[in-house]
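Descriptive analysis of the structure
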Amino acid sequence: MNWIYYIIIAVAVVVIIQAIRQWHKKKVNYDLLSERVHYLQTNTYAFLIDQKFRVKETNFYELNENIQDDQPYVLGNVLHCQSGCDSGLCGSGIACPTCPIRTVINNAFKLQRGFDHVEATMHLYDENHEVKKVDVSMDGELSYVGCEPYLLVKVRKIN
């Protein structure tokens, strides 16, 4: 009868070890993605986002120390998109359903693939809260941490 208890304990230990290994693997993969965000070129903004456009990691505030960090951590708000900031949350503005950037990112998640050299014109608030028309080029790289998809979005201003 004692051998049944030993088998149950052994199975429980194996399950716990497997769970810890999976958790550690996810953490390592996420940390690698996070490092890529912070070690890009200095003229490139990087955003690690989830399917709901929530920014998990970014170098935006490192490159723009004069911009206040008072916006929600959603892609359009972090970039200080006029439509997202005026409506309070990226995706809820009147122009958001037709936003080419939002469309491309949604398709990247839906089709499970990245994108290269997508150009768009954005209306962004600057540090003085004045709207500037900015041409940008974006690339997106889809990565998974476990089963969770993330998109590494790189944004560059076009001169």
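Up top is the structure.
To keep things clear, this report deals only with the structure shown in the data block. All of these numbers come straight from a predicted model, not from anything done at the bench.

Attention shifts here to the nonpolar core. Counting 30 residues, the largest nonpolar core has Phe47, Ile49, Ile105 and Leu151 as its most contacted members. Those elements that place two or more of their residues in this core are strand E1 (44-49), helix H2 (60-63), helix H3 (75-78), helix H5 (100-111), strand E3 (115-125), strand E4 (131-145) and strand E5 (148-157). For this core, the element with the highest residue contribution is E3, accounting for five residues. Beyond its immediate sequence surroundings of up to four residues, Leu151 is in contact with Phe47, Leu48, Ile49, Ile105, Ala108, Phe109, Phe115, Gly140, Glu141 and Leu142. Residues Val37, Ala46, Val145 and Leu152 belong to the second largest nonpolar core, which totals seven residues.

Right, let's talk about the pattern of salt bridges for a bit. For the coordinates displayed, the defined rule picks out five salt bridges. A salt bridge links Asp50 to Lys56, with the nearest nitrogen and oxygen atoms 3.7 Å apart. The exposure class of Asp50 is buried, given its relative accessible area of 3%. In this structure, the salt-bridge partner of Glu130 is Lys132, at a minimum N-O distance of 3.7 Å. Assessed through its relative accessible area of 41%, Glu130 is described here as partly exposed. One continuous salt-bridge network, built from bridges that share partners, spans Asp50, Arg54 and Lys56.

About the criteria used
- Residues numbered from 1 in each chain as written.
- Predicted model: local features only at pLDDT ≥ 70, side-chain atom pairs only at ≥ 80, totals over all residues.
- Heavy atoms only, no water.
- Core = buried A, V, L, I, M, F, W, Y, C linked by side-chain atoms within 4.5 Å.
- Buried < 20%, exposed > 50% of the residue type's maximum accessible area, 1.4 Å probe, protein only.
- Helix = DSSP H or I, 4+ residues; strand = E, 2+ residues; numbered from the N terminus.
- Contact = heavy atoms within 4.5 Å.
- Salt bridge = Lys/Arg side-chain N within 4 Å of Asp/Glu carboxyl O.

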